[in-house]
Structure formats: structure tokens, C-alpha cells
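Geometric and topological summary
Read off the chains here:
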Amino acid sequence: MEIKKSACPYDCPDCCGLLVYTEGDEVIKVKGDPSHSYTRGTLCPKMARYERTVHSPARLTTPLKRVGPKGSGEFAPISWDTAIAAIASQWKTIIDTYGAEAILPYSYAGTMGTIQYSAGHSFFYQLGATSLDRTICAPAKSRGYRDVMGGTLPTAPQEAGCSDFIILWSISMLATDIHFRHDVELARQNGAKIWCIDTYETPTARYADHFTCVKPGTDGALALGLMHVLSRDGLVDEEFIQQYVTGWEELRDNVLPRYSPADAAAITEVPAAAIEELAKAFGRARAPFIRLGSGQSRYGNGAMTSRLITCLPAIVGAYAHTGGGLLTSASGSHAFDKSIIRRPEKEKGGVRHINMIKLGQALTDEKLAPPIKSLYVYSSNPACTAPEQALVQQGLLREDLFTVVHERFMTDTARYADIILPATTSLEHDDIYYSYGHYTVQRGDAAIPPVGQSKSNWQVFSLLANAMGIDDTFFQQTEAELIEKFIASTDTAWPLPVDKAKLANGEPVDLPLPENYKLDFKTPSGKIEIKNPAIEPALPDYRPPHYAKDDESFLLINAPDPRILDSSFNERPELTRGHIMELLMHPDDAQHLGLCEGDTVQASNAQGSAQFTLTLTARTAPGRVVSEGVWWNTLTKTGNTNQLTHARTTDKDDGSTFYDVKVNISKI
Ligand SMILES: Nc1nc2c(c(=O)[nH]1)N[C@H]1C(S)=C(S)[C@@H](COP(=O)(O)OP(=O)(O)OC[C@H]3O[C@@H](n4cnc5c(=O)[nH]c(N)nc54)[C@H](O)[C@@H]3O)O[C@H]1N2
Ligand SMILES: Nc1nc2c(c(=O)[nH]1)N[C@H]1C(S)=C(S)[C@@H](COP(=O)(O)OP(=O)(O)OC[C@H]3O[C@@H](n4cnc5c(=O)[nH]c(N)nc54)[C@H](O)[C@@H]3O)O[C@H]1N2
Ligand code: SF4
Ligand SMILES: [Mo]
């Protein structure tokens, strides 16, 4: 038996260090690497059995071509040569007839690995295909942070261990960032108080000492109400503001008077007394730490909400104290020069861009010129995870759409493919990883040979480049050569020297943080910009979410499920067994509608409808129903929550608004 180190490739802020135990060509087990400074030797239940994904009997092992009607899931094996030749021949015909923009790539973070995530960027730029705007996750959160803090490094999560007051703000810590709990526990042992702000009582809310239950999409008004109290009660740090903040006085005098606790309570449905209590506890804390998740950003006002929350630590001077600060997304991604693989200079000027969350519209818009004639999907499962699912499905059913899906499993999307290519898992290819939840980076080389005939994203794009006649030695590089370049790029990409030898050796490496990074504000003014003259509006203020204009009766909260990750891990029956597609509803609402526990109900709106099994619980407030998890449609009765979600975008940076949804509920 051999033990090799790697990192978890999934789209999770923890990016855990792994110990991979192999025997011959097989992964026997996977454990957490105790030498990883953030994840410290533990894994989530999904990855603690990663070998069940790697060696799943459901793995796709050969290229396949469709032999039944679109979407039927009927395929026959073909060779790689045949598959690549068929794709190249179809694409050449499409390019001749419609131009290369008739080809649309679609990918996201099925793997977060720096190489495999970006493996197709340069290929599609050089082809001249339509460019995909990858906005499905939380660009509005990053934007809101940037509007106040510019390029300032977010606070490291380990810092929270020294905090005396931690807010878990729209983060489902016990599902999506489980290792942060280590640091929260450290703080708790020293007497820190833990506060959770969410829209229903999650396990994380129960774990916290205090829970503030906010109306979905209204956290901006909550932040303003908190700032109102902090200002009114003299709990702001005037000295810090003087030295490090711009625009506070203008916000205080022009905006905050409209957000008394009573005003904020009317918008947020958080009682005024609870707003006062939270504000005072936050203002009196020595070193408050906010861990801001993505929930608040997935609304029409998501960038503004994130911007308003980002102002809070500034006015109490949290950054000046050990343990204080704010973590949204860590900037570990800045460790490597990603242009090495993405090659943005290869994108042809003026090429069309399509936002991935509008996939359904792009595939069904008859006026789109040129139309999308071919879709190439990798590292993503849009038939399951994209909003406006009915439209996405309608598009994928088009007989004249040539769809290629590079996948590990027969996902909802793969079922619609004309050609399926089998993909490796992270233990079968080389890559290098960074995290958006902490500052540790790591390379992970293949631990076993590819299962079946599967190939990595990079290998497939090398084959496609050759078949399409793209004469460029770039595509002849191996993944190992690219990794060497990424490691070398830390010299220029990261402000301090990174331990390159350790990184090359496959060990988890902590990126060194500049000593005063928390007070080194990378904005044009060099200060925290509560007022940002470069953007509109210069002063932040609350804006309502999209749903304020919708007529349906219930707000639909769709939250993560700890058993799966987006739609990944749906291939594991032991994880998806049990309750899926449940709808949590307050007993008063159920009584009103004449519904009982266990009823099959239909949630519907202008987008579509989906069926759920009803669970009655006071964990959710009246008027708000909750569904957890993005389940493969093949495991559901009539489709998952994305039958109900919109492709409306956020106020800035065109992000997704998965949580900005209203529905009507009826009994089946
Ligand atoms: N187990 C598991 N882990 C995951 C994922 C998963 O699906 N399952 N997904 C992965 C991905 S891609 C991502 S981006 C991250 C996201 O992980 P998080 O940052 O945790 O973000 P979300 O999952 O969007 O939502 C977190 C919480 O926000 C709450 N919320 C929703 N709307 C609001 C609001 O308006 N205000 C407040 N205060 N709270 C709100 C939800 O109820 C939920 O409990 O997790 C990653 N990790
Ligand atoms: N209703 C609702 N919908 C949501 C969300 C929500 O909270 N609610 N969350 C949204 C968010 S935050 C995100 S980020 C998106 C994510 O949505 P997706 O991008 O669709 O992510 P996954 O569902 O994890 O699917 C990733 C796929 O990539 C495949 N894969 C893994 N590794 C590789 C590889 O190396 N190569 C190839 N070719 N394939 C690979 C996996 O088998 C898997 O099927 O979902 C969004 N959708
Ligand atoms: S999914 Fe997240 S918590 Fe689980 S092993 Fe991967 S990085 Fe760690
Ligand atoms: Mo995400």
C-alpha cells in the first residue's frame, strides 16, 4: 500500500488536504491530512469515502455516442479516435456555415484545480467560439467586498480563533465550510460568542449561541440598522475611522437616519430589540470576526447587500485587533498566474459573450445570430444546476444542437448529449489547487491511472486542438509542465516568497501573509471606502430584491444539503438515500392551506413547478418554505428546485439569483 498526498478538488471553500491510500491501480481509502494547517486531518462524509466515487460502478469509462432519441439516455460505445473525429467534423461544418460563435463552451467548478478548471479557455478563444461568462456562483459577493475594500486581502480564517465575537453570516458552516468550526471552537473555548444570521434555522443556527432570522434578501437593511445603533450609541471606533475609513460621516448623516431599528425591523422582519442586541454585542466586542457566506449575494440586490455588510467591521475598527476582520472569499487564487493557462490575450476582440445563467434563453432564442449549434459541457451539470431548468431542457432537446458532454457520470446533462467523453477524477490526473476559504495551496498528482478510458480536461483539449488544426505547441505541454510554471509564477503573483520546494513536493503550503495585511487597504484612496466615488451609487443604501415585484405567496429558500455538493455526489446511493426534495413549511401555513406532514405538494411559479414532500417545522418562519440540495432530476419526481429559479441577474457583475424566488404551494 502506498500513501500519496493530494487536495480535495471540489467547489468547497475548505480545499482539504488528502492522504490517498492506493494498492496497485486502486484507491483503497482516503483520509484527511493532519499536516494541513486549516483542515487538520478531517474530511466531510462525502470525501471520507471518495474511493466510492472514483471506483463507482456508475463511472463512464468509454466515449459514447447517442443511439436513441435526445435525452433518452441510450448510447453506444465508440473509440476516442472516432469521438474526436466526429466532434471536429461537426464543428468544422458549423464554423463554415455559421461561424465559430455558433459553438458555446459551458463549464464551471466540477474541479477547482487550476489546470483542469481552465483547460478549455485558450482552446475556445483560439477557435473563436462564443465566450462564456462564468457567473453562476457568487460574483456579486466578491463585487460587494471589492467596492469597499478594493484588492485588500480578506482576513485569514484561522484569525477567528482569537476573536471574541464571531458572526456566521449567511454561511451554512456545518454543511459548506465545516473546518471553520475548528477555529470557531478555539474562540469559543476562550469565551467568544457565536452569532448566526440566516433565513431559517439551519444546523449552524442551532450550533450558534444566538440566531438572527432575517427575511431573505434584506440583510442590507439589517446591516444599516446595526450601523444606525452603533453610531447612535457611540460604539464606532472614531480613531480607526479617522485613520483608515472614508465616507463614514456621509453614510451616517445621509443614509443611516432612515434605518432606525424600527425601520430596519419593518424590512428585515428581525425584531427591533434583536437588532439592538446584536448591534451592541458587535460594537462592544474586542475583535469581532464576520465569516460571510454567499447566501445573501444570490438576490437581485446581492452586490449591494454584500457591500453594506462589508462596511460593518470597518466602523468598529475590527481590522486593528488580533482576531477581528471579515472573510468573504480568501484570495488564495492570486497565488498563481492563471493567465499561464487561460491566455486571455487569445480571446478574439469583439467575440460574443453569453452569461452561463442564461443558458436556457441562449439555446432557445430563435433570433440569436448566429444561433448556438453546438454546446460543449465539461466540469458542470447545467441541466440540473442552472436556473430556468425547463428552458435549458427544451434547448438541450433541440435536434439541431450538437451537444458534447465530458463527464465522470451519466448526469442529467450527459443524458442529452450526442457524444459523451469519459472524464478522470482528481486522483487520476495532475493539478494544483488553491482555496477560496483559506490561504493554503497544494499540488495533487495522479495517484492511480485513469479509470477505464477516461481522460482529463487538459488531455481532451489537447486532442481537440490537434483535430481542429490549431497549430500551437501550447497544447503539447503536459500537466506536470504546467504545474511547474504555476509554481514558478508564485514569484510574481504572490507578495511574499512561497515555499516552492515544498509545493513541488506535494505538501500543503501556507501562503505567507504580509505582517500588516489587515491594515494594508488596497483601494485607490488607501482607505476602506464606505463611500466609493468610482461607482454608482457612491454611498451604499438598501435596495429590494427582485421578488418584491413577484406575486406568489411564499419565499422559497433553497439551501445546501451536507450530503451532496451542488449536484456532485448524487452518484453515491448511500448519500442520496433517504429524504430528498423535502419542503420545510411552518405548521401555521400548513394549517392555513389544509396541508399535513408527508403530503406531496407542488411548488409553482411563472418559471415552472416541482414536487416536494412536506415537512412541518417551526425551523422556518411563516411565509417561507425551504428546500435543501440540488438533486439529480433523475432522482426526483418532476425536477429539482431549478424548475423554479430565475435567470434574473444581480445588481452588479451579472451574478445568479438562485434564492430570489417566490412560489405558490398546492396539494397534489
Ligand atoms: N455540502 C455542501 N457543501 C457545499 C455546497 C453544497 O451544495 N453542499 N456548495 C458549494 C458551493 S458551489 C458554494 S458557492 C458554497 C456556498 O456555501 P455558503 O457560503 O454557505 O452559501 P450558500 O450555500 O449559498 O448559503 C448559505 C446559507 O445562506 C442562507 N441564506 C440564503 N439567503 C439568505 C439571505 O438573504 N440572508 C442570509 N443571512 N442568509 C441567507 C441559506 O439559508 C444558507 O443556510 O458551498 C460549497 N459547499
Ligand atoms: N437551485 C440551486 N441551484 C444551484 C445552486 C443552489 O444553491 N441552488 N448553487 C449554484 C452554485 S453556487 C454553483 S457553483 C453551481 C454549480 O453547478 P455545476 O457547475 O453544475 O457543479 P456540479 O453540480 O458540482 O457539477 C459538476 C460536474 O462536473 C463533473 N466533474 C468533476 N470533475 C471533473 C473533471 O475533472 N472534468 C470533467 N469534465 N468533469 C468533471 C462532475 O462529475 C459533476 O457532474 O450550481 C448552482 N446551482
Ligand atoms: S468537499 Fe469540502 S469539506 Fe469535503 S473534503 Fe472536500 S474540501 Fe473538504
Ligand atoms: Mo458555488
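Just so we're clear, the structure is a prediction, and the values are computed from it rather than from any experiment.

Topic: the packing of aromatic side chains
- Within the structure shown, the criterion is met by 26 aromatic pairs.
- Relative to F521, the ring of Y319 has its centre 6.0 Å away and its plane inclined at 75°; by these criteria the two rings are edge-to-face. Residue Y319 is located in the loop between helix 14 (302-315) and strand 13 (325-327), and its partner F521 is located in the loop between strand 20 (509-510) and strand 21 (528-529); the two are separated by 202 residues in the primary sequence. Of the two residues, Y319 and F521, both sit in the buried class.
- Seen in terms of ring centroids, Y378 and F461 are 5.0 Å apart; in terms of plane orientation they differ by 70°. Their pairing is edge-to-face. Of the two residues, Y378 sits in strand 15 (residues 374-378) while F461 sits in helix 19 (residues 457-467), which places them 83 residues apart along the sequence. Per residue, the accessibility class of Y378 equals that of F461, and both read buried.
- When the ring centre of Y21 is taken as reference, the NZ or CZ atom of K29 above it lies at 4.6 Å.
- Stacked on the ring of F474, the Lys or Arg R343 has its end atom at 3.6 Å from the ring centre.

Quick look at the site of ligand 2
- Lining the immediate environment of ligand 2, one finds 30 residues, of which N381, T385, E407, S567 and S568 sit closest.
- At a separation of 2.9 Å, an oxygen atom of ligand 2 approaches a polar side-chain atom of R408.
- Calculation on ligand 2 without its partners gives an accessible area of 930 Å², and the protein chains cover 96% of this total.
- Considered class by class, the residues forming the shell around ligand 2 number 9 nonpolar, 16 polar and 5 charged.

Observations concerning helix 12 (residues 261-268)
- Among all positions of helix 12, only P261, A264, A265 and T268 are buried. Around the axis of helix 12, the buried residues are gathered within 105° of arc, so they sit on the same side. Exposed residues on helix 12 whose side chains face more than 90 degrees from its buried face are A262 and A266.
- Where helix 12 is buried, its residues contact strand 10 (210-213), helix 9 (219-232), helix 13 (272-284) and strand 26 (624-628).
- Of the residues flanking the end of helix 12, it is E269, one or two places downstream, whose phi is positive at about 60°.

A look at the layout of surface pockets
- Estimated volume of the largest pocket: approximately 1000 Å³.
- Surrounding the largest pocket, 32 residues form its lining, Y108, S142, S329, S333 and K338 being those nearest its centre.
- Where the lining of the largest pocket is concerned, the elements lending two or more residues are helix 4 (121-127) and helix 5 (139-149).
- Examining the composition of the lining of the largest pocket, we find that 5 residues originate from one element, helix 5, more than from any other.
- Residue classes in the lining of the largest pocket are distributed as 13 nonpolar, 12 polar and 7 charged.
- In this model, the second largest pocket occupies a volume close to 190 Å³.
- If you go around the second largest pocket, you meet 13 residues; those closest to its centre are D561, R563, H579, E582 and E628.
- Looking at the lining of the second largest pocket, the elements with two or more residues in it are strand 23 (582-585) and strand 26.
- Per element, the largest residue contribution to the lining of the second largest pocket is 3 residues, and it comes from strand 26.
- Here the lining of the second largest pocket is composed, by residue class, of 5 nonpolar, 3 polar and 5 charged.

Reading guide: rules and limits
- Residues numbered from 1 in each chain as written.
- Chains lettered and ligands numbered in written order.
- Predicted model: local features only at pLDDT ≥ 70, side-chain atom pairs only at ≥ 80, totals over all residues.
- Heavy atoms only, no water.
- Phe/Tyr/Trp six-rings, centres within 6.5 Å; stacked < 30°, edge-to-face > 60°.
- Helix = DSSP H or I, 4+ residues; strand = E, 2+ residues; numbered from the N terminus.
- Buried < 20%, exposed > 50% of the residue type's maximum accessible area, 1.4 Å probe, protein only.
- Lys NZ or Arg CZ within 6 Å of the ring centre and 35° of its normal.
- Near = heavy atom within 4 Å.
- Polar contact = N/O pair within 3.5 Å; in protein donor to acceptor, adjacent residues only side chain to side chain.
- Areas by Shrake-Rupley, 256 points an atom, 1.4 Å probe, with all protein chains shown as cover.
- Nonpolar A, V, L, I, M, F, W, Y, C, P; charged D, E, K, R; others polar.
- Arc of directions from axis to C-beta.
- Contact = heavy atoms within 4.5 Å.
- 1 Å grid on protein atoms, 1.4 Å probe; cavity = no way out; pocket = protein on both sides within 12 Å on 5 of 7 lines; lining within 4 Å.
- Points joined across faces, edges and corners; volume = space filled by probe spheres on them.

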